[in-house]
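Architecture at a glance
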Amino acid sequence: MSEAAVNHFKADLRAIQFTLYEHLKVQQVFGLDAFAHISREECDAIIEQCHRFVNEVTGPINGTADRVGCTIESGQVVTPKGFKDAWKKLFELGLMGFPMPVDDGGLGGPHAIAVVLEELQSGANCAFNMYPGLTHGAADVISSFALPEDRERFLPPMVAGRFAGTMCLSEPHAGSDVGASKTRAKHLEGNVYSIKGTKCWISAGDHDLADNIIHLVLARIEGAPAGTGGISLFIVPKVWVNDDGSLGEPNDVQTASIEHKLGIRASATAVLAFGENDGCRGILVGGKPHMGMKQMFRMMNGARIAVGVQGLSVASSAYLNALSYARERLQGSSVRHFKDPNSPRVPIIEHSDVRRMLLEMKAKVEGMRTLCIKLALHADLAHGLHKVDESKALYHQGQVDLLTPIVKAYCSDQSFRVAELAIQTYGGAGYVQDNPVEQYCRDAKIFSIYEGTNHIQALDLVARKLQQHGGENFTAFLNEISEFVTAHSEKPGMGAEVRALGEASTALQRGAASLMEYFMSGKIDQVTLVANPFLEVMADVTIAHLLLGAAIVADEQRARDEDEPNQAEIDFYSGKVMAAKHFVNFILPTVHAKVGSIVSGDRSALDIPDGGFSTAF
Ligand SMILES: Cc1cc2nc3c(=O)[nH]c(=O)nc-3n(C[C@H](O)[C@H](O)[C@H](O)COP(=O)(O)OP(=O)(O)OC[C@H]3O[C@@H](n4cnc5c(N)ncnc54)[C@H](O)[C@@H]3O)c2cc1C
């Protein structure tokens, strides 16, 4: 029996507006020449359109698509019912092109707003949003690095949704170790090469949504050096595209299989065989050999931020669904009347532990949203201030670089944890398919694995980002917190929490100093051992800072509202203050324990003999 389509997606537009305009003051970008062509009103209208689109089109098919997944028929992937229609409508609305440059057919909108559009789209249907997400990433690489004639040939149909895109790095023996790639490229003529090799786990690797799929494939040109330095990037269309833009012959790209997965089941994850019949051609991106990793890094950095936003989006809808359920589900009586056998049953939201879970979810979701939008705002300011105020532009770009691994790792880890907490809030009803949170939990698990596992993110943070520009980016990050603590440490009702942030930041610096000592004394395995806890500490400090910043703004707004009482708004602002206080008092203290383990120099995980893990084989 086919299941009725139900839209379980929930979004908190009031909270989004607060973060955008009251807290982070994203409206500042509209004063920059780079964004002068677009207004806040237009951006708000696009957010509204997107909200309507996801509630009417992609949200209702999230659960049904999860149940059926993708199938292969006659060597071609077939997506679930409703996906083709959703793809068509998404491109009619121009949502994918929102942040793309106007010259490439996009709207040139701010990334800070694009984060919100992504939150709505991924939250409503994460699997569906993989297809336009990958297309956007591939189009961005082509826009940034391809030769003008290739941009002209591939970009317009990608922005219009006639062609889709992918990123093809992984191979069966080359996952995190991308440099071990065995896919080969042999020169044919000009920038055209013959491509041969197998790529696995390729998201959106095959489907029936567009006329063509443009694969961006990493491969090694014959005779190129080993490792990542010898890898090049190729545009490999599924169907060859003639110089005049018309479709030519199929390009010998076969879909060998698709995966059966824990989550995002309606996103096809394909094994692709390139050149099995020696008939696959690829175009060297920008005509530049051995630049593949640098070029692909642009897509990977964008994708890492996008994965962080995926994490936020799924966590947010999981939290809001759990909240609705907790307001309705009657169970037990209030603990305040535990001596009265006749006291009425209450909604579970009245129980302390349920309130604790809800507030933890709220704090983490709102912290993630603020972090994602703040990073995007840094990117917009870096872009908008380029050639206007170079030193400020450099500062903003430095914060984008520093915070990217935190956005990816923190939001992806916490997404799974928030979804798990949402299931716990429901009780048994959360474990079954009648409610959406079991799917959210399954969908969220991949976020900490793809786009570089979260350990790869932690290595990026400790081995590259902390030292980047002589450590200036990290120093600027710490200075911002220290100025905040100085300004607000005596704030009535919140001073203790602000001072706790100052202490956590000092602990973070102690952890960073230990990392430096391990580096200097050649204990590299000790650095990698504590890289993940270090990232977690830095993330918790970052989130506490952002939540307290929001709480201070909210507290001022609340005081203003008390002159003209609007209870819903007063409650909204109180919620911001409580979320920050809860995070600082219940979650931030773990920072001190983690720093304790970082500085302890404990080597048990390194010194245990392999046989000591277990004697069972
Ligand atoms: C649903 C899905 C979609 C995907 N989509 C794409 C896609 O579109 N394009 C694409 O190219 N790939 C894609 N991938 C592949 C994905 O990026 C890889 O799974 C990921 O990079 C990890 O590689 P791996 O699975 O081979 O794990 P491995 O690299 O084998 O890692 C296994 C474990 O070892 C750890 N590890 C590995 N190397 C090191 C090291 N040097 N130091 C310390 N620890 C290490 C890892 O952190 C991990 O915990 C997708 C995967 C899935 C499951």
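Summary of the structure given here. Given the structure is predicted, the values throughout are model-derived calculations rather than measurements.

Definitions and cut-offs
- Residues numbered from 1 in each chain as written.
- Predicted model: local features only at pLDDT ≥ 70, side-chain atom pairs only at ≥ 80, totals over all residues.
- Heavy atoms only, no water.
- Core = buried A, V, L, I, M, F, W, Y, C linked by side-chain atoms within 4.5 Å.
- Buried < 20%, exposed > 50% of the residue type's maximum accessible area, 1.4 Å probe, protein only.
- Helix = DSSP H or I, 4+ residues; strand = E, 2+ residues; numbered from the N terminus.
- Near = heavy atom within 4 Å.
- Polar contact = N/O pair within 3.5 Å; in protein donor to acceptor, adjacent residues only side chain to side chain.
- Areas by Shrake-Rupley, 256 points an atom, 1.4 Å probe, with all protein chains shown as cover.
- Nonpolar A, V, L, I, M, F, W, Y, C, P; charged D, E, K, R; others polar.
- Phe/Tyr/Trp six-rings, centres within 6.5 Å; stacked < 30°, edge-to-face > 60°.
- Salt bridge = Lys/Arg side-chain N within 4 Å of Asp/Glu carboxyl O.
- 1 Å grid on protein atoms, 1.4 Å probe; cavity = no way out; pocket = protein on both sides within 12 Å on 5 of 7 lines; lining within 4 Å.
- Points joined across faces, edges and corners; volume = space filled by probe spheres on them.
- Axes fitted to C-alpha atoms, helices over the stretch in contact; angles between N-to-C directions.
- Parallel < 35°, antiparallel > 145°, perpendicular 65-115°, else oblique.
- Left-handed = near helix turned anticlockwise from the far one by under 90°.
- Contact = heavy atoms within 4.5 Å.

Another point: the nonpolar core. Counting 194 residues, the largest nonpolar core has Phe-534 and Met-538 as the members making the most contacts within it. Among the elements that make up this core, the one with the highest residue count is helix H8 (residues 292–328) (18 residues). By size, the runner-up hydrophobic cluster in this structure holds seven residues, among which are Ala-15, Phe-18, Val-553 and Ala-554.

As a further point, take the site of the ligand. For the ligand, the set of nearby residues contains 17 residues, the closest of which are Ser-170, Ser-176, Trp-201, Ser-203 and Thr-453. Ser-170 places a polar side-chain atom, nitrogen or oxygen, 2.7 Å from a nitrogen atom of the ligand. Here the ligand loses 63% of its free accessible area of 980 Å² to cover by the protein chains. Breaking the shell around the ligand down by element, the ones donating at least two residues are strand S3 (163–168) and strand S5 (192–203). Counting residues per element, the shell around the ligand draws most heavily on S5, at three residues. A per-class count over the shell around the ligand returns eight nonpolar, seven polar and two charged.

The subject of this paragraph is the packing of aromatic side chains. In this description, an aromatic ring pair is defined by two values, namely the gap between the centres and the angle between the planes. Under the defined criterion, the tally for this structure stands at ten aromatic pairs. Ring geometry for Phe-18 versus Phe-572: centroids 5.8 Å apart, planes at 70 degrees, classification edge-to-face. You can see Phe-18 sitting in helix H1 (residues 13–23) and its partner Phe-572 sitting in helix H16 (residues 567–587), a full 554 residues away along the chain. Accessibility classification places Phe-18 together with Phe-572 in one group, the buried group.

On to the pattern of salt bridges, then. Should the charged atoms of two oppositely charged side chains come close, the side chains can pair. The final tally for this structure, using the stated rule, is 31 salt bridges. A salt bridge links Lys-89 to Asp-85; the nearest nitrogen and oxygen atoms lie 3.0 Å apart. In this pair, Lys-89 and Asp-85 both sit in helix H4 (residues 83–93), four residues apart, roughly one turn of the helix. Note that Asp-555 is salt-bridged to Arg-558, the shortest N-O span being 2.6 Å. With a gap of three residues between them, Asp-555 and Arg-558 both fall in helix H15 (residues 524–563), about one helical turn apart.

Let's shift gears to empty space enclosed by the protein. Within the structure shown, the criterion is met by four cavities of 30 Å³ or more. For the largest cavity, the calculated volume is near 80 Å³. Broken down by secondary-structure element, the contributors of at least two residues to the lining of the largest cavity are helix H9 (352–385), helix H10 (390–426), helix H13 (472–488) and H15.

Taken N-terminus to C-terminus, the directions of H1 and H9 make an angle of 45 degrees; their axes are 10 Å apart at the nearest point. When the interaxial angle is binned, H1 and H9 end up oblique. Every pair of crossing elements has a handedness; the one defined by H1 and H9 is right-handed. Here Ala-15, Ile-16, Thr-19, Leu-20 and His-23 of H1 lie close against H9, whose contacting residues are Glu-366, Arg-369, Thr-370 and Ile-373. Each residue belonging to the contact of H1 with H9 can be placed in one class, and the counts come to four nonpolar, three polar and two charged.

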